[in-house]
Amino acid sequence: MFAGAPQYLISGLTVGATYGLTALGFTMIFNTTGIINFAQGEFVMLGGMLAVVLQKAGAPLPVAIMLAVAVTALVGCLIERGVIRPVGRTAPVNLVIITIGISILLRGAVMLIWGKDTFALPPFSGSAPLAILGAAVQPQSLWVLFITLLLLAALKLFFSRTIHGKAMLACACEQKAAALMGISVDRMAMLSFGLSGFLGAVGGAILTPITLTSYDVGVMLGLKGFAACILGGLGNPFGAAAGGLILGVLESFGAGFVSSAYKDAFAFIVLLALLFVKPTGLFGGPKSDRV
Amino acid sequence: MMLRLLSVFAALVLWAGQSLAAEPVKIGAVVSVTGPASFLGEPEKNTLEMIRDELNAKGGLLGRPVELVIYDDESDVNKAVLAAEKLLKKDQVAAVIGATTSGSTLAIMNKFPAAQVPLVSMSAAEKIVNPVNPWVFKVAPSDRHAVGRILKHAQAKGYKKIAILTVSDGFGQAGREVLKELVPAMGFTLTADEVYGPKDTDMTAQLTKLKDAAPDAIICWGTNPGPAVVARNRAQLGMKTPLYMSHGVASRKFIELAGESAEGLMLPAGHLIVASQLPDSQPQKALLLAYTSQYKDKFKGDVSPFGGHGWDGLKLVAKAVETAGSDKPAAIRDALEKITAFPGIGGVFSFTEKDHNGLDANAFEMVVIQGGDWKILK
């Protein structure tokens, strides 16, 4: 009965890393602007699709991925500058609706340009499975987990050691005070959109060799990433990453031990149950402080 | 005066003669040219128009040109119903080919007995021809034929225990029903029955469960991209259990998506994708090759079995018009029912009063994926 457990764990962690990276993007933008960016899943999709397209156009894989990530980060910045900022100070719910519009626009544009097909990327270092604790692990899964951890560490450094990181935290705490201290809140908002585009695109690019990609993968990823965010405690980047991993593992165990027909339901049932007990999420503080 | 009268008379005769010659044989079609099912409908529409032009170039049917009235249902059941209504009431067509999807066909098929016009469907659902509706025919093979073909192969291999993994959409559910019926009926034990979502990106949990059930072979029922993920996960888990796929992945795209992990997978496929490997005595071979090159030249794209359904639909109706010597709907219907051993793209059709699909498991060829290509399994 429990023979499959290590396998379920490994599969769950790999899928969970996607949710975690998407969730990280959510927290980046939420923390500086208070907006839930529902185009986050589309950033992941863009990262994967652009990497595929560039690789097909003849770019070597690492170059294709770096370009894809850079372009998606730029798209993030452009969205803030071109759509969010002009709307100006309005209720966050209006901005959230705008992000939903952006997600539909991005999906539609990608569908028109590259079609509705599904695409694959080659794995970074072969596809021969490794055996760990009786579970078969794709080398690509290790890449995904490794890069996710690396990004988390880099974010930690960014927020605690760099002036931009600290400025973003300041905007999150108290926008008016931050502005009075000479921090450009607009610039920080743009930076946060760029950063979340970057995080999403990295996620999309490193996962495509495992999960394949198409114009509409962002819908489910956005939803799961958002759930991971809530599970970990909205606004806490490390909670978001952990929430993603937990969600992935829950799904995998649910599919393995109970029934694969209700795989998507488990995660959401657990999420609901948790929110009844602890509305701030697993790692959310008792106060509604966002940092 | 006499000359003038004569010329008027001559003009009248000419005009009448032209209008007689121009009275076309009107055939309708309901096709999902746009929308989610456009990957099925577009090659169907291309093929229908190609065959119409070909027929007209050869002088049409019964010495009259063929007029094809094609309506796009945009993959929408409601629009399919409106299109069928228009074809029957306004255009007064002699026969209708369509619809592209099973849902749309099931929605429109009840209009045809009332209108006394034959319908030739291009969609797969078995319910379209079972029970038999005297006015409704179908050219796409049923899931039952594909499952039967797989299980015949499994029997020959001496497999006893079969596990199934199906997608939770319409295609997978229909396949699952047939599998659950035929697997025990043909003498196998069904050891596991797992399901995955059409958007799932990881099926290792399901495959691990299947592995624990230790089947002799696994049958996976789905359309891209799910089966490609299943193939990849199977390779990742180092599973050696033989894996059968459905005819839903008989396209280049599947091999591209699954990559190396597609090697050794087996599936039932229409003869079209392996036409060049068929023996010359195979009755379909020549026309399969001709259709492939004709379609490629004209549309610069690959042929698909779906375009083949369009070919079969229109050619069967054309054949019925010719044998009946009339374009009266009732005459076409009667002639359709008498067509036997008619080589088409989807198979060799033999309609009877009780069988309005006209195909059997021989419509499929078992193929294995080797070196990134299809090979006929002996």
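Please refer to the structure higher up on the page.
Presented here is an overview of the structure given in this document. (Residues numbered from 1 in each chain as written. Chains lettered and ligands numbered in written order. Predicted model: local features only at pLDDT ≥ 70, side-chain atom pairs only at ≥ 80, totals over all residues. Heavy atoms only, no water.)

**With respect to the overall build of chain B**
Summing up its helical and strand segments, chain B has 13 helices and 14 strands in all. Overall, chain B is about 100 × 40 × 35 Å in size when its C-alpha atoms are taken along their principal axes. Burial statistics for chain B: of 378 residues in total, 53% are counted as buried. In chain B, the share of contacts with a sequence separation of at least 24, taken over all contacts with a separation of at least 6, comes to 67%. Summing over all exposed atoms, chain B offers an accessible surface of approximately 15,700 Å²; the carbon and sulfur share of this is 57%. Distance from the positive charge centre (41 side chains) to the negative charge centre (40 side chains) of chain B: 2 Å. (Helix = DSSP H or I, 4+ residues; strand = E, 2+ residues; numbered from the N terminus. Buried < 20%, exposed > 50% of the residue type's maximum accessible area, 1.4 Å probe, protein only. Contact = heavy atoms within 4.5 Å. Areas by Shrake-Rupley, 256 points an atom, 1.4 Å probe, with all protein chains shown as cover. Lys, Arg positive; Asp, Glu negative; His and termini not counted. Charge placed at Lys NZ, Arg CZ, Asp CG, Glu CD.)

**Quick notes on the overall build of chain A**
For chain A, the helix and strand inventory stands at 11 helices and 2 strands. Relative to a compact globule of 291 residues, whose C-alpha radius of gyration would be 19 Å, chain A shows 19 Å and is just as compact. Projecting the C-alpha coordinates of chain A onto the three principal axes gives extents of approximately 60 × 50 × 35 Å. Out of the 291 residues belonging to chain A, those deemed buried represent 51%. Look at the contacts in chain A between residues 6 or more apart in sequence, and 75% of them connect residues 24 or more apart. Accessible area for chain A stands at about 12,600 Å²; split by element, carbon and sulfur atoms hold 74% of it. Across chain A, 16 positive and 9 negative side-chain charges occur, with their mean positions spaced 8 Å apart. (Rg over C-alpha atoms; globule rule 2.2 N^0.38 Å.)

**Side note on empty space enclosed by the protein**
Enumeration over the complete set of coordinates arrives at 3 cavities of 30 Å³ or more. Lining the largest cavity, in full, are A:Ser11, A:Gly12, A:Val15, A:Gly248, A:Glu251, A:Ser252, A:Ala255, A:Lys263, B:Asp202, B:Ala205 and B:Gln206. Breaking the lining of the largest cavity down by element, the ones donating at least two residues are helix 1 (5-33) and helix 10 (237-258) of chain A together with helix 8 (204-212) of chain B. Among the elements that make up the lining of the largest cavity, the one with the highest residue count is helix 10 of chain A (4 residues). (1 Å grid on protein atoms, 1.4 Å probe; cavity = no way out; pocket = protein on both sides within 12 Å on 5 of 7 lines; lining within 4 Å. Points joined across faces, edges and corners; volume = space filled by probe spheres on them.)

**Remarks on the nonpolar core**
Generally speaking, nonpolar side chains in soluble globular proteins are found buried as a group. Counting 79 residues, the largest nonpolar core has B:Val230, B:Met245, B:Phe254 and B:Leu267 as its most contacted members. Once residues lying within four places of it in the same chain are set aside, the contact partners of B:Phe254 are B:Asn224, B:Pro227, B:Ala228, B:Ala231, B:Met245, B:Val249, B:Ala262, B:Leu265 and B:Ile369. A:Met28, A:Val69, A:Ile84 and A:Leu95 belong to the second-largest nonpolar core, a separate cluster that totals 70 residues. (Core = buried A, V, L, I, M, F, W, Y, C linked by side-chain atoms within 4.5 Å.)

**Details of helix 6 (residues 163-173) of chain A**
Since one α-helical turn is 3.6 residues long, residues separated by three or four positions face the same way. Residues and elements named next belong to chain A. Within helix 6, burial applies to Gly-165, Ala-167, Met-168, Cys-171 and Ala-172. Buried residues of helix 6, seen end-on, are gathered within an arc of 160 degrees and therefore sit on one face of the element. Set apart from the buried face of helix 6 by more than 90 degrees, the exposed residues are Ile-163 and Cys-173. Of the surrounding elements, those touching the buried residues of helix 6 are helix 1, helix 5 (139-161), helix 7 (175-180) and helix 8 (185-211). (Arc of directions from axis to C-beta.)

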